[in-house]
Amino acid sequence: MIILHATFLERVFSLWGEKPDEPEVSAAKKPKNKLKHRQAKPVSLCYDAGAEKLSLVLKEIGLGFKVTAKSIRPMVAWLPTIDNQPVPSSRLIGEFPESTTQATLAPWKVTVVQFPFEKGIEFLCRCIGKQTLGPGMIVGKDLSFWTMALRFAGAVATKGQFLPDINDLHGIPQARWRSFLSGLESERLSNLAKLIPAVARALSLKDASSPTVSSITLLSEFIDSAVDYLIRSTGRDDFEHALTAKRRSLKAMDGFYSSHDQWLHALRSHDGRMEGKSAELDQLTNHLKNWIRPISVSAASPFRLCFRVEEPDDGNDKWYVRYLLQANHDPSLLIPAERVWKGREILPLANKNFNSHEYLLLSLGQASGICPHIEASLRTPGPSGYRLDAKGAYEFLTQKASTLEQSGFGVMLPAWWTRKGTKLRLNARAHVKTPEMQSRSGLSLDQIVQFDWEVALGSEKLSFEELQKLAKFKAPLVKVRGQWVLLDAEEIQAVIQSWKKKAMEQTTLREVVRMALGGEKGLGNIPVEGISASGWIANLFKELEGKSPFQELPQPRAFQGTLRPYQRRGYSWLSFLRQWGLGACLADDMGLGKTIQALALIQKDWESGERRPVLLICPTSVVNNWQKEASRFTPEIPVMVHHGIERTKGEAFTAEAKEHAIIISSYALLNRDVETFKDLQWAGVILDEAQNIKNPETKQARAARVIQAGYRIALTGTPVENNVGDLWSIMEFLNAGLLGTQTEFKNRFFIPIQAARDPEASERLKRLTGPFILRRLKTDKTIINDLPEKMEMKVFCTLTKEQASLYEAVVKETMEALDETEGIQRKGVVLATLLKLKQVCNHPAHFLGDHSPIPSRSGKLTRLTEMAEEMVEVGDHALIFTQFSEMGAILQKHLQEIFGREVLFLHGGTPKKHRDQMVERFQAQEDAPFLFILSLKAGGTGLNLTRANHVFHFDRWWNPAVENQATDRAFRIGQKKKVEVHKFICAGTLEEKIDEMIERKKEVAERVIGTGEAWLTELSTAELKNLFSLRKEAIGD
Amino acid sequence: MGYWRDDYFLWGRRRSSVPREAKGGIKAQSKHGTFGESWWAKRWIAVLESFNIGARLGRGRSYARRGQVLSIEIEKGEVLAKVQGSRPKPYHIKLEIKTLSVSDWRKLAKILSGQAIFSAKLLMGEMPLDIEKVFREAGLSLFPEKPKDLKTACSCPDWSNPCKHIAAVYYLLAEEFERDPFLIFKLRGMNREDLIHMLSGTDKKTIRKQVKPKQKTLPNEEEGLTSDISKFWNGESLPDDFFGEVRIPSIAAALPKRLGSFPFWRGEEKFLDVMELIYAKASSVGLKVFLGEQMWKEQI
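This structure is a prediction, so every number in the text was calculated from the model and none was measured. (Residues numbered from 1 in each chain as written. Chains lettered and ligands numbered in written order. Predicted model: local features only at pLDDT ≥ 70, side-chain atom pairs only at ≥ 80, totals over all residues.)

A closer look at the overall build of chain B
Then, in step 1: Broken down by element type, chain B carries 13 helices and 4 strands.
Then, in step 2: When contacts within chain B are restricted to residue pairs at least 6 apart in sequence, those whose partners lie at least 24 apart make up 67%. (Helix = DSSP H or I, 4+ residues; strand = E, 2+ residues; numbered from the N terminus. Contact = placed C-beta atoms within 7 Å.)

Now the structure itself:
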């Protein structure tokens, strides 16, 4: 476990870290170096991660930087300290001192790894948007802050807010790029500086005093350096390429024709170093200063010139563009130009040295090059703006406004212009000729349909002649019945041309659907406002867009159990899209029963005679769960698990698969056996936990797209629709081509939404994908009434190979011992075996007790981690119960390392005071730990933990009453949410068999089983053998 | 000895018209044809050409294009320059121009402030088209008209004045005036800043307190570290919409373009062309970094 911290000092990236005081720090233990007297020299920080750990992190993430003795440097960090005891950044590192005295800052020696700036940038790139870089490698808040600063630098580079410059670096001239932020951006930068965690400034080059460099200085230096580096990194190859042979030889002679050539070269070189006669460079520097001067004036200005478009009062032709000075710190503070011309008044909040008159003149002069009207207005001594006719206004709104804005001027446009849907413009409508419907089952989206184009202005339909008349209209901006109408002559011409060519078109229904959802532009590249159709096609559109309800199906005849009302709707929805060959993404909240809805669909198809199998791909950890759920809810249909080493391949697989309705397999095998899968005609392919294919480049995502199937379904509990970046891959799997190619998607949606925050692009994306994503939340009003207060679910897990072989070894040993012992001794053997097998099911490290590595060795733990990931996404809280405090410790360590967050753990050894603190923090603290591990004995009774809406029973206690009592920590008065209880069971092991026994005689269970496991010792050897033996299905990959 | 002879030989051959190669001299932007596009640059050249010095004009032009002029300094009422001729030591050149009196300038300022465009254009670095009209209105002239308004001198042995070296400087000045028309005013005795303040009607006292261009508004005061534990370690979280809209601008290199071409540019490549290329690439790299793409470097 390491929490990483970073600072940039003098263009060098300094990385250091905190680790827990000792590898096995116990909760109550205090840090070692509590000092009696403050010593003159700083002492090593007890939490210092040290060079070895830092090198390990750098190696792990593959930065390509080797830590050498030269790059390691002891430095002094000024950290909050109470009673001479350092306060760690997180409880993951150590306990906070209990003293109530205020913290003060004190110097502590830490080990810093320094690396060059460019490596630092690469490192930051890897940290963007992450809380951990891998298990146990936690990105500190300061490091997170630097990633934000890097993104800021990226934005500066994107917007081109920088200029070339020359810098004096210890007497050596250096060509550099310097950011020149507009007033608004400077404001943003100082806001960013206010958020900087002090730890980012805590490293000091001198130990005598704490660092005093201001946040804004540090941040500005970083931004400048980062911008400089980003730009520099773009030019090198290009420049080398552009060098003519002549110049290359000149270069070899260490000569440039002029200092200007050298400067341009150095601006694109690695370090920007320049050499040469100082007189010449001085001259260049002077010229540069002169050249940059006007921008410097603007950058130093607390205002910016702003243009406000004022529309005519009564629909006449008199528009006005008014000149105003707009305050950067408060955009609503606007000073009309005439006030500036009139007086020598000092503007509010302006610097005394700020000459608003000169600034306004300069800005207007700069703007006059962009817009001749502005130039013309300057023929008077003090212009306050200029008049425009409708044509001019149109030109200003459509073109000049954005040009002025990009040049750094403010632009204020009428609300009806900037708001969507408040202005009328040309749009296309398609009228689809609905073919006769033969039978509902015979319809498909591949059907060719014919349609006519219609052109409308707003909602008024236009004839061809009317359109031609419009083309002759002089004013492009006309007010009709109180609404502004836009008439773009070029656009009208384009529409006329394409209308002439193809008034009637034909295409597949699939394309028409895409058009109806706004995925394609219409005639002459104008937006498609609507598709009119009649009959069944009209119904289809309405159903797709959710304007009319789709047909709700009855529950399949042989489906066991009862679908809840929302589940029936979900299953009907799946069936509706399925019928049209459209892919569907069911993204219901965890616990709403996505599995059941998918199974209902398969059952329904089975009942209506479908005999082609469905391929179901899920994470290895839930293969068993699917199998169990299928046998419980749809026992009639044959299920085959394609898993493990002994799985069939090729023709044998095909033959076997044809005999089954569902083939369950994992993502790993989807990729490995894709050739086998490809050969089959699948009724459908279903991806469970479909976020597994969110990255379209991964092998499993490619494989998923290759499989041919009648329908495609993706199930996921994570809110896919919120994550634009992940959406393409899942939608491409479901409905290939709907969102265009990956590059098209990036340009049309991803960049506009993520970078430009374009609400229209989000709206378009939502409209286009909405019909294919169904996400219901547990908190939805329509859902919440359908749910019971408490839902109990069994989570069937698989054993890893290691677990299985350990399990079998224990069983073998026991069988031999059982034959040789009797009486008390035999009882002892049985109980010991039970304990060992439960430990193996939990985790090999639990059984071996050897502190060996944790990840990827336990099926249960893998599943728990996956479920916790979903919970993090939606902000849920959970209790995790285990009977074993050893296992609790393993869980705590693992979950903390994976999530980089504190996980609470309450066990028998927890002192009362800590116990109360934990409960209080979990219940009340704003950013409380989201997971709380409790040992069943210590935490199963008495506590009130209603913050949790999930309860996990990681291992089973044979007495349901004890489990229920534990569950009631969350499910009790004060609980406002529905509680979900997840009981983990390793399928095929004794855990499942005991569960079956309990289920079989639930009512007698409590009486028979009592409170312990002693009754098991009474079983006969044959019964025990049966109980202990491992079923084949238990093993995962 | 051979060295001396070669040198002597070359020197002898070059003597007539070929000057010594000058490294890093000021090279004219104009590669052929006239110097300066603007009317005021042309008016300036016209003054030179009115002196009727024959072939020296052409040689002056080629000196200016080859970078023989090593330096130019412009002061109120005079220009000092060094030109590399055929002798090892550069020649010294001096141009003296008659300055206008303060009251003349006041008169001008009054007329100029009648239209904002004059000040705006001048601040922008452009000479308003009708400025000469304004001068005439005030009964003055922008460019020297009478021979006694302009005195030139060169340390070369040529008997003609102006000589080709003076001509070369003259041509380069035309380009320089094109970039910064305030230099013409400076030659006529008026600083840029003083003129601006005259135009905006601010009095003499405020002229002293004029805006000093700052590189950046960096408050350099010291700032201690907080000892509040949560603020120290966690800082504060960023609002969701912190970055606002980030788009690739439709015009690359808008900032350098707003500033115009670089003064006395002597580079082989055209400055704004190179800038445009760099800015376009910076935009695409910047956006990738902004969006957190790790592989931005590989994709350049």
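A few points about the overall build of chain A
Then, in step 1: Secondary structure summary: chain A contains 39 helices and 36 strands in total.
Then, in step 2: Burial status across chain A gives 47% buried among its 1037 residues. (Buried ≥ 20, exposed ≤ 12 C-beta atoms within 10 Å, placed from the backbone.)

Some remarks on the environment of Ile117(B)
All names here are of chain B.
Then, in step 1: The residue Ile 117 is located in helix H5 (residues 116-124) in this model.
Then, in step 2: Of the residues examined, Ile 117 has 27 C-beta atoms within 10 Å and is grouped as buried.
Then, in step 3: As a C-alpha pair, Ile 117 and Pro 128 span 11 residues in sequence and 7.6 Å in three-dimensional space.

Topic: the interface of chain A and chain B
Then, in step 1: In this complex, chain A contributes 92 residues to the contact, which on the side of chain B involves 82 residues.
Then, in step 2: Taken together, the residues of the side of chain A that touches chain B break down into 43 nonpolar, 35 polar and 14 charged. (Nonpolar A, V, L, I, M, F, W, Y, C, P; charged D, E, K, R; others polar.)

Brief notes about the environment of Gln603(A)
All names here are of chain A.
Then, in step 1: Along the polypeptide, Gln 603 turns up in helix H19 (residues 594-607).
Then, in step 2: Taking the number of C-beta atoms within 10 Å as the measure of exposure, Gln 603 has 25 and is therefore buried.
Then, in step 3: The contacts of Gln 603, once residues within four sequence positions are left out, are Pro 556, Ala 558, Phe 559, Thr 634 and Ile 637.

Observations concerning helix H2 (residues 39-49) of chain B
Then, in step 1: Every buried residue of H2(B) is accounted for by Trp40(B), Ala41(B), Trp44(B), Ile45(B) and Leu48(B). The arc enclosing the buried residues of H2(B), seen along the axis, measures out at 145°, which places them on a common side. (Arc of directions from axis to C-beta.)

Considerations on helix H3 (residues 56-66) of chain B
Then, in step 1: The complete set of buried residues in H3(B) reads Arg56(B), Gly60(B), Arg61(B), Tyr63(B) and Ala64(B). All buried residues of H3(B) fall inside an arc of 160° around its axis, so they share one side.

Concerning the pairing of strand S29 (residues 709-715) of chain A
Residues and elements named next belong to chain A.
Then, in step 1: Within S29, 6 of the 7 residues are buried, leaving the element largely enclosed by the surrounding structure.
Then, in step 2: Direction of pairing for strand S24 (residues 584-586) relative to S29: parallel, over a ladder of 3 bridges. Residue pairing across strands places Cys 585 opposite Ala 714, the latter belonging to S29.
Then, in step 3: Relative to S29, strand S28 (residues 682-687) runs parallel, the two being bridged by 5 bridges. Of the residues in S29, the one forming a bridge with Gly 684 is Tyr 711.
Then, in step 4: In this view, the connection linking S28 to its parallel neighbour S29 by way of helix H24 (residues 699-706) has right-handed handedness. (Pairing = 2+ DSSP bridges. Right-handed = clockwise from strand over helix to strand, strands pointing away.)

Some words on the packing of H19(A) against helix H20 (residues 623-633) of chain A
Residue and element names in this part refer to chain A.
Then, in step 1: Their axes nearest at 10 Å, the elements H19 and H20 cross at an angle of 55°. By the angle class used here, H19 and H20 are oblique. Both H19 and H20 take part in a crossing whose hand is right-handed. The residues of H20 that touch H19, namely those facing Thr 595, Ile 596 and Leu 599, are Trp 626, Glu 629, Ala 630 and Phe 633.
Then, in step 2: Of the residues in the contact of H19 with H20, the class split is 5 nonpolar, 1 polar and 1 charged. (Axes fitted to C-alpha atoms, helices over the stretch in contact; angles between N-to-C directions. Parallel < 35°, antiparallel > 145°, perpendicular 65-115°, else oblique. Left-handed = near helix turned anticlockwise from the far one by under 90°.)

Notes on unusual backbone geometry
Then, in step 1: Geometrically, the link from Asn161(B) to Pro162(B) is a cis peptide bond, its omega value of 0° lying close to zero.
Then, in step 2: Along the chain, Pro162(B) falls in the loop between strand S4 (150-154) and helix H7 (164-179).
Then, in step 3: The phi angle at Arg757(A) is positive, at roughly 50°, despite the residue not being glycine.
Then, in step 4: As for its placement among the helices and strands, Arg757(A) is situated in the loop between helix H26 (742-754) and helix H27 (759-769).
Then, in step 5: For Ser856(A), which is not a glycine, the phi torsion comes out positive at approximately 60°.
Then, in step 6: Relative to the helices and strands, Ser856(A) resides in the loop between helix H31 (844-848) and helix H32 (859-874).

A word on the sheet that holds strand S25 (residues 614-618) of chain A
Residues and elements named next belong to chain A.
Then, in step 1: In space, the 7 strands of this open sheet follow the order S26-S27-S25-S28-S29-S24-S30, with parallel pairing throughout. The open sheet terminates on both sides in strands that have one partner only, identified here as strand S26 (639-641) and strand S30 (773-774).
Then, in step 2: In the sheet, S24 pairs with S30 via 2 bridges, with the strands oriented parallel. What sits directly across from Cys 585, in S30, is Ile 773.

Things to note about the sheet that holds strand S35 (residues 950-953) of chain A
Residues and elements named next belong to chain A.
Then, in step 1: Read from one edge of the open sheet, 6 strands run S31-S36-S35-S32-S34-S33, paired in parallel fashion. A strand with exactly one partner marks an edge of an open sheet, and here the two such strands are strand S31 (790-797) and strand S33 (904-906). Going across the sheet, the axis of each strand differs from the next one's by a mean of 20°, ignoring polarity.
Then, in step 2: Of the strand pairs in this sheet, strand S32 (residues 878-882) and strand S34 (residues 931-935) are connected by 5 bridges, and their pairing is parallel. Within S34, the position partnered with Ala 878 by the bridge is Leu 931.

Here's the deal with the packing of helix H18 (residues 565-579) of chain A against H19(A)
Residues and elements named next belong to chain A.
Then, in step 1: Their axes nearest at 9 Å, the elements H18 and H19 cross at an angle of 55°. When the axis of H18 is compared with that of H19, the two are oblique. The two elements H18 and H19 meet at a crossing, and its hand is right-handed. On the side of H18, the interface is formed by Gln 567, Gly 570, Tyr 571, Leu 574, Ser 575 and Arg 578, while H19 contributes Ile 596, Gln 597, Ala 600, Leu 601 and Lys 604.

Quick notes on the nonpolar core
Then, in step 1: With 295 residues, the main nonpolar core has Cys585(A) and Val169(B) as its most contacted residues.
Then, in step 2: Setting aside residues no more than four positions away along its own chain, Val169(B) makes contact with Val69(B), Ile72(B), Val79(B), Ala81(B), Val83(B) and Ile93(B).
Then, in step 3: Among the nonpolar cores identified, the runner-up in size contains 70 residues, and Met590(A), Val829(A), Leu837(A) and Ile898(A) belong to it. (Core = buried A, V, L, I, M, F, W, Y, C linked by C-beta atoms within 7 Å.)

A short note on the environment of Asp330(A)
Then, in step 1: Examined against the element boundaries, Asp330(A) turns out to sit in the loop between strand S13 (319-327) and strand S14 (334-336).
Then, in step 2: Residues Asp330(A) and Pro302(A), 28 residues apart in the sequence, show an inter-C-alpha distance of 9.9 Å.

Things to note about the confidence of the model for chain A
Then, in step 1: The pLDDT averaged across chain A works out to 84; a share of 90% of its residues lies at or above 70.
Then, in step 2: Within the model, pLDDT remains below 50 along residues 248-253 of chain A, and this stretch shows 3 contacts once partners closer than five positions in the same chain are excluded. (pLDDT = per-residue confidence, 0-100.)

Quick look at the pairing of strand S36 (residues 979-986) of chain A
Residue and element names in this part refer to chain A.
Then, in step 1: Summarising burial for S36: 8 of the 8 residues are buried, a large majority.
Then, in step 2: Sheet analysis places S31 next to S36, joined by 8 bridges and oriented parallel. Paired with Lys 790 across the two strands is Val 979, which belongs to S36.
Then, in step 3: As for the winding sense of the linkage, the β-α-β connection from S35 through helix H36 (residues 960-967) to S36 is right-handed.

Regarding the confidence of the model for chain B
Residue and element names in this part refer to chain B.
Then, in step 1: Per-chain confidence: chain B averages 77 in pLDDT, with 79% of residues scoring 70 or above.
Then, in step 2: This model gives residues 1-16 a pLDDT under 50, and the stretch forms 2 contacts once residues within four places in sequence are excluded.
Then, in step 3: Note on residues 203-219: pLDDT under 50 across the span, and 29 contacts to partners over four residues away in sequence or across chains.
Then, in step 4: Note on the complex model: pTM 0.78, ipTM 0.81.

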